[in-house]
Amino acid sequence: MSEPLVARMREFGTTVFAEMTALAVRTASINLGQGFPDTDGPEAMLERAVAAIREGLNQYPPGPGVPELRQAVAEHRKQHYGLVYDPDGEVLVTVGATEALAASVLALCEPGDEVVVFEPYYDSYAAALSLAGAVRRPVTLRPVEGRFTFDPAELRAAVGPRTRAILVNSPHNPTGTVFTLEELTAIAAVVEEHGLIAITDEVYEHLTFDGVRHIPLATLPGMRERTVMISSAGKTFSVTGWKTGWVCAPRELVTAVQTVKQFLTFTSGAPWQLAVAHGLREELAWVGGMRDGLAAKRDRLMAGLSAAGFEVYRPAGTYFVQTDITPLGFTDGLDLARRLPELAGVVAIPTQVFYDRRELGRRFVRFAFCKKDEVIDEAVARLARLRGAV
């Protein structure tokens, strides 16, 4: 039999997250790779999901999402960002942000269309673009004065006559960068000048630190009508397994995305949707406390990584700390990530797998800090073994 997998997906085998998680299990290592917390979300929100199940809400909910969640999302957008979306036609509930992204790309990009992405990028972006037959045009984020940023000239150079969209992730995984107003203004200028669509991944919108503010691209002048705004409950409320996300956009863009989404999953679980509606309305104070706790965990892990010999970049948001491994004498992050269980009993993610031009990310490794303090402390103690390992 010939290769059964279609050619456009053959570069996507087992994800690096699955590989590293399996490695952690096989070697009994501490997993600071995949970004999921080891504590649950707010108790009242969890109980709302349980109550919904017991109340019999176990059949198909409406395709666009239950009205309670669509209304809660619209309220949240207006309250936090001043953005007004009609919950009946401009808000669509999805099976997490990953489906929202894939459905958006499949709905809005023809084969051969080009999409600008900032590398390193979350791995599902490349897969979604390949499924659509779209072409990636990477713009590289590089460390400048302790944070990752892009050159506006490189962004402009990445846009051509076939460019259809730009995919923007802020707060950014895996670098931890939160785009500034100046950076977003540069992006918005390119989008407007070339008549592009912006697809924005904002799943870490509430997880920013040190007083840094998340600014949605859609809030900039002229951008609401050009932006497909994506977020989810997983990171905000520590319920990544619920896979409940949403799209906010002008009606014609939401209609396009829903046209595709209805043939992917049709809808998602009603109990989680009702619980997330409760979360958006009642649990954001809990989120604030979690954010403060995460900032402390970030600092805890950063201190340990620095003491172990890594060069550490201070993230302004997300779950992740980006490190440079060259001060320790290592040169290849993928090789080091595969050896870390043996060397230190810890698993991390090699950042180079999130680049088109992998050599640009070869020296970076990403660690997650969304773990209990005792887990971070033990990981740091183990990583101290790396000094002198080369």
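Residues numbered from 1 in each chain as written. Predicted model: local features only at pLDDT ≥ 70, side-chain atom pairs only at ≥ 80, totals over all residues. Heavy atoms only, no water.

Visitor: Account for the sheet that holds strand β8 (residues 197–201), with residues named and values stated.
Guide: Spatially, the seven strands line up as an open sheet ordered β2-β10-β9-β8-β7-β3-β4, and their pairing is mixed. The sheet terminates laterally at β2 (91–94) and β4 (135–140), the two strands that pair on one side only. Between one strand and the next, the sheet's axes are offset by a mean angle of 20 degrees, whatever the strand orientation. Of the pairings in the sheet, the one linking strand β9 (residues 227–232) to strand β10 (residues 245–248) comprises four bridges and is antiparallel in character. From the neighbouring strand, Met229 faces β10, where its bridge partner is Cys248. (Pairing = 2+ DSSP bridges. Helix = DSSP H or I, 4+ residues; strand = E, 2+ residues; numbered from the N terminus. Axes fitted to C-alpha atoms, helices over the stretch in contact; angles between N-to-C directions.)

Visitor: If you had to explain the domain arrangement of the protein to someone new, which residues and values would you point to?
Guide: Entries for the protein in the domain assignment read domain 1 (7–41 + 285–388) and domain 2 (58–282). The C-alpha-based centres of domain 1 and domain 2 are spaced at 24 Å. Domain 1 puts 38 residues into the contact, and the matching count from domain 2 is 39 residues. Summing both sides of the interface, domain 1 and domain 2 together bury roughly 3300 Å²; the carbon and sulfur share of this comes to 60%. The interface formed by domain 1 and domain 2 holds five salt bridges in total. (Domains from an automatic or database assignment. Contact = heavy atoms within 4.5 Å. Buried area = accessible area lost by both parts, 1.4 Å probe. Salt bridge = Lys/Arg side-chain N within 4 Å of Asp/Glu carboxyl O.)

Visitor: Break down the side chain of Thr140 for me, with residues and values.
Guide: Tracing the sequence through the fold places Thr140 in strand β4. A distance of 2.7 Å separates polar atoms of two side chains, one belonging to Thr140 and the other to Glu119. Separated by 2.8 Å, the side chains of Thr140 and Arg357 make a polar contact. For Thr140, the contacting residues outside a window of four places in its chain are Glu119, Thr149, Phe150, Glu154, Tyr355, Arg357 and Leu360. (Polar contact = N/O pair within 3.5 Å; in protein donor to acceptor, adjacent residues only side chain to side chain.)

Visitor: Explain the sheet that holds strand β15 (residues 364–368) to me, using residue names and the numbers behind them.
Guide: An order of β11-β12-β15-β14 is seen for the four strands of this open sheet, with the pairing classed as antiparallel. The open sheet is flanked by β11 (311–313) and β14 (349–350), the only strands paired with a single partner. Note that β14 and β15 share two bridges and pair antiparallel. The residue bridging Pro350 from the neighbouring strand is Val365, located in β15. In the packing of helix α10 (residues 284–308) onto the sheet, contacts are made with β11, β12 (320–324) and β15, and the angle to β12 comes to roughly 15 degrees.

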